[in-house]
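Architecture at a glance
The chain contents come next:
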2 protein chains.
Amino acid sequence: MLRLSTKDSGFAQAFRRLVRDRRESDEDVARDVALILADVRNRGDEAVAELTRRFDGHSLSDDAAWRIERAECREAFEALKPDLRAALELAAQRIRAFHEAQKPENRDYVDDAGIRLGAVWRPVDAAGLYVPGGRAAYPSSLLMNAIPAKVAGVERLVVTTPTPRGETNPLVMAAAYLAGVDELWRVGGAQAVAALAYGTQRIRAVDVVTGPGNAWVAEAKRQLYGVVGIDMVAGPSEILVIADANNDPEWIATDLLSQAEHDPAAQSILITDDALFADTVADRVGVEIAMLETARVADQSWNRHGVIIEVESLDEAPALANALAAEHVEIATDDPEALFARIRHAGSVFLGRHTPEAVGDYIAGPNHVLPTGRRARFASGLSVLDFMKRTSFIQLDQAALAAIGPAAIALADAEGLPAHARSIEVRLGL
Amino acid sequence: MLRLSTKDSGFAQAFRRLVRDRRESDEDVARDVALILADVRNRGDEAVAELTRRFDGHSLSDDAAWRIERAECREAFEALKPDLRAALELAAQRIRAFHEAQKPENRDYVDDAGIRLGAVWRPVDAAGLYVPGGRAAYPSSLLMNAIPAKVAGVERLVVTTPTPRGETNPLVMAAAYLAGVDELWRVGGAQAVAALAYGTQRIRAVDVVTGPGNAWVAEAKRQLYGVVGIDMVAGPSEILVIADANNDPEWIATDLLSQAEHDPAAQSILITDDALFADTVADRVGVEIAMLETARVADQSWNRHGVIIEVESLDEAPALANALAAEHVEIATDDPEALFARIRHAGSVFLGRHTPEAVGDYIAGPNHVLPTGRRARFASGLSVLDFMKRTSFIQLDQAALAAIGPAAIALADAEGLPAHARSIEVRLGL
């Protein structure tokens, strides 16, 4: 864990290093991924089956091996323990409610010059959602990706997920049932993203691919950006906690660890104005880690990437937070509003002492798919907009064209595009 | 020009080929671009100067060689002929008005469970706009990119544009002045995009890069997606005109040519329900081309990529239009509304006989930066949203956490993330 203080003479340099520190995999997978994409594009299902045998040890020998049917998902859902089923249902309901209110409004109006203008939002026809196997196979992620697509009105929602050595994940199947997923394919890796983007004999192409994945999946999405829409380039999770000394150190320590336990590359940062409080939290993190089943991962993350920054006043925090542009920002003070107003760059902000980031991961309603790696400077969390697109429209009558056409003709002439000018001139009898 | 009829036995196959036909450059520039990006990242201004000398024949020897000052832009603006100046001003005013109404609304509410939820939109700090030199240096493009950024509230708007052998473009400078561009750098190509994304000694990094460019510029944007935000992957322009026999063939011919004259790779498609009208338009295109200064480009585009599709009824047009998902769609009928309602995928739609696409390029108000190459299936035209990002926020008190916290604990336990559960448990005294 790195301990910094804004009073130190070397702070500016150390903080700059922290801001620039990229914790993302530099594995050079681009060439491998390009070969896989080309293979799936050319050979379709045959390539997908071969790669799935090689990477997942799963044989796509017949229909049942390719797909998990909705009936199986329903069984998994009905087999859930009642409290878990209720929790998933509450999460789905709250996520749906928040995203329903996100739906954009169409526009259609006639302006002062008599010109009708507007824009209409429509869902994409089909969306593909990647769900990782293994450690990161989270039913909460499935809900967070699938529900906005459904709310947007997407008619065909396809999930691909690897089933290593044939093993399926009942929680993911249950969440897929609850979210109304239409197809669930037992395919993973770059080959799954390629199948979604290009389409194969069995898997029809989709228009947008979202969802988390390993370096191969992320690179496949990056390379296919433009062939399909994608949500974002995602990196390891991160949290910035801004806390005064009036917090229970145990609360803050568990918040820091709730990110650290995700991934050895995750990052937890505490900004506080009290040195003693900083010490106490640091001690408490040590105590808490020992009690976690995820201790190994959390310990690696905290030791390698954890940071405590001591400031003279929390007034300094927003500038630091804006430079870090973190995925999650907690403001654990009595009056979080004043600091919040000055935070320009953050994926999501958690206000006050009773809002641990984990409620946002599961149940609060806003999306937990958020920009990482300083991308909150320019990117937003996943929303219904990622599954919709806007078509603008224009309608003129003869009088409106007479009013604004001549200006367009002047500009077309200046740009050396005579057919543009002529398409207006012929209508005005010029 | 390709002539098809839905009555032909081979139509389905020919149309499928048309839909799949990619007119985008397959030039393999990825490796060259990767080297340029790495060079600019490592050596900054020195690399930029070297590449600019090599590719543009322009020596970045002193401050005046690097930048065009705002005073020079004002001179270019003031030197415009009055009608052109008025046309630019009208365009800017109408583009601004349309985009002002696009600004998204923030949300902030307390739901039934007593949980405060919301989202706040903020502009990015800095945006970079690429403006090509040569044939595609259009002042209209500068306005269409710069004005949404300004409307979004971007504080620093940077333009980069190549000045081959030192030659500047007064129209672009005038538009930059009018749009309120803050910095104008005489740098082009992949090296300009790299400078904008990574920053150099002279050019500070931006958060979003938009604007058209050649294959190198497009590939640089694609490779830097994630380091910065980008608008989209753009390809050659295209128009689909849906027209009945009651149109003046000359009007429709000039509309088809207004796309064809952009680029030999541009595509113009006519769908009509009248064979004789189709013939007349085709003849008229031949006559019109001969009169254009842009005849060579328009002729190449129309011969290689032009298509006329004869349908039995215009009722067939929306399904064809949705498969093509064209950048521009004109509906030249008396009642365009019925067909428009059935068009799901299009960048922008031009309704009725008096709305030539060219009014949208210059003056109507909606953005002319639109998705090409079937990307209207999932992408939207440029808007203020490309220069803003959304931060969600959550605020719970003790009672609200007691209400929804247990469900989050159940989900965290099921996902094997104990620190997530604990961060809620400690606050509830569990």
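The preceding data block contains the structure.
Residues numbered from 1 in each chain as written. Chains lettered and ligands numbered in written order. Predicted model: local features only at pLDDT ≥ 70, side-chain atom pairs only at ≥ 80, totals over all residues. Heavy atoms only, no water.

**Here's the deal with the overall build of chain A**
Note the cut-off: Here a strand is any run of E in DSSP of at least two residues, a helix any run of H or I of at least four, and the numbering for each starts at the N terminus. We call a residue buried when its accessible area falls under 20% of the maximum for its residue type, exposed when it is over 50%, and partly exposed in between, using a 1.4 Å probe and counting protein chains only. In this description, contact between two residues means that some pair of their heavy atoms is separated by no more than 4.5 Å. Exposure was quantified through the Shrake-Rupley algorithm and a 1.4 Å probe, taking into account, for residues, occlusion by the shown protein chains and nothing else. Charge counting treats Lys and Arg as positive and Asp and Glu as negative, with His and both chain ends excluded. To locate a charge, take atom NZ for lysine, CZ for arginine, CG for aspartate or CD for glutamate.
Tallying secondary structure elements over chain A gives 18 helices and 14 strands in all. C-alpha extents for chain A along the principal axes are approximately 80 × 60 × 45 Å. Residues classed as buried in chain A amount to 64% of the 430 residues present. In chain A, the share of contacts with a sequence separation of at least 24, taken over all contacts with a separation of at least 6, comes to 76%. Taken as a whole, chain A presents about 15,700 Å² of accessible surface, with 48% of it coming from carbon and sulfur. If the 45 positive side-chain charges of chain A are averaged to one point and the 63 negative ones to another, these points end up 5 Å apart.

**Overview of empty space enclosed by the protein**
Applied cut-off: Both cavities and pockets are sets of points on a 1 Å grid over the protein atoms alone; in a cavity a 1.4 Å probe fits but cannot get out, in a pocket the set is open with protein on both sides within 12 Å along at least five of seven lines, and lining residues sit with an atom within 4 Å of a point. Grid points are joined across faces, edges and corners, and a volume is the space filled by probe spheres set on the points. Classification used: nonpolar for Ala, Val, Leu, Ile, Met, Phe, Trp, Tyr, Cys and Pro, charged for Asp, Glu, Lys and Arg, polar for all others including Gly.
All told, the structure shown has 6 cavities of 30 Å³ or more when counted by the stated rule. Roughly 950 Å³ of volume is contained in the largest cavity. Lining the largest cavity are 39 residues, and of these A:I230, A:D231, A:D386, B:D231 and B:D386 lie nearest its centre. When residues of the lining of the largest cavity are traced back to their parent elements, those giving at least two are β8 (229-230) and β14 (388-395) of chain A together with β8 (229-230) and β14 (388-395) of chain B. Counted by class, the lining of the largest cavity contains 21 nonpolar, 10 polar and 8 charged residues.

**Looking at the sheet that holds strand β12 (residues 328-332) of chain A**
Note the threshold: Any two strands with at least two DSSP-identified bridges between them are counted as paired. Here the axes come from fitting lines to C-alpha atoms, over the contacting stretch only for helices, and the angles between their N-to-C directions go from 0 to 180 degrees.
In spatial order, the strands read β1(A)-β11(A)-β10(A)-β9(A)-β12(A)-β13(A)-β14(B)-β3(B)-β2(B); together these 9 strands make up an open sheet with mixed pairing. The strands lining the two open edges of the sheet, one partner per strand, are β1 (2-5) of chain A together with β2 (107-110) of chain B. Pairwise comparison of adjacent strand axes, ignoring direction, gives a mean angle of 15° for this sheet. Bridging between β12(A) and strand β13 (residues 348-351) of chain A involves 4 bridges; their strand directions are parallel. Bridge pairing links A:I331 to A:L351 in β13(A). Contacting β9 (238-243), β10 (267-272) and β12 of chain A, helix α11 (residues 249-260) of chain A runs over the sheet at an angle of about 165° to β9(A).

**Some details on the pairing of strand β13 (residues 348-351) of chain B**
The cut-off we apply is this: Every crossover in which the path from the first strand over the helix to the second runs clockwise, viewed with the strands pointing away from the viewer, is termed right-handed.
Residue alternation in β13(B) divides its side chains into two sets, B:S348 and B:F350 and B:V349 and B:L351, and both sets are buried. As defined by bridge partners, β14(A) adjoins β13(B) across 4 bridges and the pair is classed as parallel. Residue pairing for β13(B): A:S392 is matched across the bridge by B:S348. The β-α-β motif built from strand β12 (residues 328-332) of chain B, the intervening helix α15 (residues 336-341) of chain B and the parallel element β13(B) has right-handed crossover chirality.

**Looking at the nonpolar core**
So the rule is basically this: The set of buried Ala, Val, Leu, Ile, Met, Phe, Trp, Tyr and Cys residues whose side-chain atoms join them within 4.5 Å is what this entry labels a nonpolar core.
A:L142, A:L143, A:I363, A:F387, B:L396, B:L411 and B:I424 are the most contacted members of the largest nonpolar core, which has 72 residues in total. If near-sequence neighbours (up to four positions away) are discounted, B:I424 is found in contact with A:P356, A:A358, A:V359, B:L401, B:G405, B:A408 and B:I409. Among the nonpolar cores identified, the runner-up in size contains 71 residues, and A:I424, B:F98, B:I147 and B:A174 belong to it.

**So, the layout of surface pockets**
What the second largest pocket holds in volume is close to 640 Å³. Lining the second largest pocket are 21 residues, and of these A:K103, A:P104, A:E105, B:P104 and B:E105 lie nearest its centre. Where the lining of the second largest pocket is concerned, the elements lending two or more residues are β3 (116-123) of chain A together with β3 (116-123) of chain B. For the lining of the second largest pocket, the residue count by class is 10 nonpolar, 3 polar and 8 charged.

**Quick look at the interface of chain B and chain A**
The following threshold applies: Whenever a carboxyl oxygen of Asp or Glu lies within 4 Å of a side-chain nitrogen of Lys or Arg, that contact is scored as a salt bridge. N or O atoms within 3.5 Å of each other form a polar contact, as long as, within protein, one can give a hydrogen and the other can take it, and as long as residues adjacent in sequence are counted only when both atoms are side-chain atoms.
Between chain B and chain A, the contact holds 124 residues from the first and 124 residues from the second. At the junction of chain B with chain A, the criterion picks out 14 salt bridges. For A:R377, the salt bridge identified is with B:D207, shortest N-O distance 3.0 Å. Here chain B and chain A share 73 residue pairs in polar contact (both at pLDDT 80 or more) between them. Here the element with the most residues in the side of chain B that touches chain A is helix α17 (residues 398-414) of chain B; it accounts for 9 residues.

**A few points about the relation of the copies chain B and chain A**
Selection rule: Copies overlap after least-squares fitting; the atoms used are the C-alpha atoms of residues with pLDDT of at least 70 in both.
Of the two same-sequence chains, chain B is brought onto chain A (RMSD 0.0 Å, axial shift 0.0 Å) by a rotation of 180°. On this basis, the relationship between the two copies can be described by a two-fold rotation axis. The fraction of interface residues of chain B whose copies in chain A are also interface residues reaches 100%, indicating that both copies meet through the same surface.

Read these as layout, nothing more, since geometry by itself doesn't imply function.
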